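A closer look at the structure
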Amino acid sequence: MLLRVTPGMALQAGDELRTDARSTAVVSFFSGARAYVQPNSQVQLGSLLVYLGEVLVKARGYFRVDTKYATAASEGTEYLVRVDPGERLQVTVAEDRVSLSSPNLAWPKKSLGVGQTARLSGPDLLDIGLAAPGEVEAIRNRIDSLDQIVPSYAGIGTALLVGAAITAGAVAIGSQSHNEREHDRRRRTPDRPAADDASPQDPLGPARRR
């Protein structure tokens, strides 16, 4: 089931979110963590599983981002995870520390600090070094800019919800019907703050079934 993404839309574990070249989606978790799904990305909700593309994370408690060959876990930090075609992976830390581990124990667990970047090719850890000049500040600025556009939600009654889809082109893929989702959203989420209406465009194309 392909569902039209709208500001304040509730998601559930197992749903997938795709963005096109002109879209960024902000996913707010009940814990207070946020994931900023960048253009041309595909993720699955649970913790957060990145299939392809780039995700920025802002967390103030334990939060985990999974990929096929590595898991990046934090307890309060800002960081970037990028999965490129060819199964190349990058993790860059902008605040605090991130624990990087291999699901199949191909290499020992690593701890990354501010300004450090880990690069992998498939299951192999290539290196851990310093981020490119200005990259840490750029990550922080991108997160701050998106936080100003998309308001925080108080009293979230669902485990996951999309804070907003900025510009057109994001789509959520799940098994629950559109009518059930809409009823569930109205019943379980608070009235949307007026700032939501300030999104640049009314997002997204129509839902369609596969």
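Residues numbered from 1 in each chain as written. Predicted model: local features only at pLDDT ≥ 70, side-chain atom pairs only at ≥ 80, totals over all residues. Heavy atoms only, no water.

With that settled, consider the overall build of the chain. The number of helices and strands found in the chain is two helices and 15 strands. For the chain, the proportion of its 210 residues judged to be buried stands at 49%. Across the chain, every contact between residues at least 6 apart in sequence was considered, and the portion connecting residues at least 24 apart equals 53%. (Helix = DSSP H or I, 4+ residues; strand = E, 2+ residues; numbered from the N terminus. Buried < 20%, exposed > 50% of the residue type's maximum accessible area, 1.4 Å probe, protein only. Contact = heavy atoms within 4.5 Å.)

Looking at chain direction, strand 5 (residues 34-37) and strand 7 (residues 48-66) are connected through four bridges and run antiparallel. In the sheet register, Val-37 faces strand 7, and the bridge partner there is Val-55. Between the antiparallel neighbours strand 6 (residues 42-45) and strand 7 lie two residues. As paired strands, strand 7 and strand 8 (residues 71-84) are joined by twelve bridges and run antiparallel to one another. Among the inter-strand pairings, Asp-66 is bridged to a residue of strand 8, identified as Thr-71. With antiparallel pairing between neighbouring strands as the criterion, strand 7 and strand 8 make up a hairpin whose turn holds four residues. (Pairing = 2+ DSSP bridges.)

Turning our eyes to something else, we now look at unusual backbone geometry. Here Asn-40, not a glycine, exhibits a phi torsion of approximately 55°, which is positive. If you trace the backbone, Asn-40 turns up in the loop between strand 5 and strand 6. Exposure remark for Asn-40: the relative accessible area of 49% places this residue in the partly exposed category. The phi dihedral of Glu-87 falls on the positive side, at around 60°, and the residue is not glycine. Structurally, Glu-87 is set in the loop between strand 8 and strand 9 (88-95).

We now examine helix 1 (residues 135-149). For helix 1, which comprises 15 residues, the first-to-last C-alpha distance of 21 Å matches the rise-based estimate of 21 Å (1.5 Å per residue) to within 8%. Along helix 1, the residues classified as buried are Glu-135, Val-136, Ile-139, Ile-143 and Leu-146. Projected onto a plane normal to the axis of helix 1, the buried residues spread over an arc of 115° and lie on a single side. (Expected span 1.5 Å × (residues − 1). Arc of directions from axis to C-beta.)

Another aspect to go through is the confidence of the model for the chain. Taken residue by residue, the chain gives an average pLDDT of 79. The fraction at 70 or more is 73%. Ignoring residues within four places in sequence, the model shows residues 154-165, a span with pLDDT below 50, making 57 contacts including any to other chains. A low-confidence stretch, residues 181-210 stays under pLDDT 50, and its non-local contacts, those more than four residues away or across chains, total 55 contacts. (pLDDT = per-residue confidence, 0-100.)

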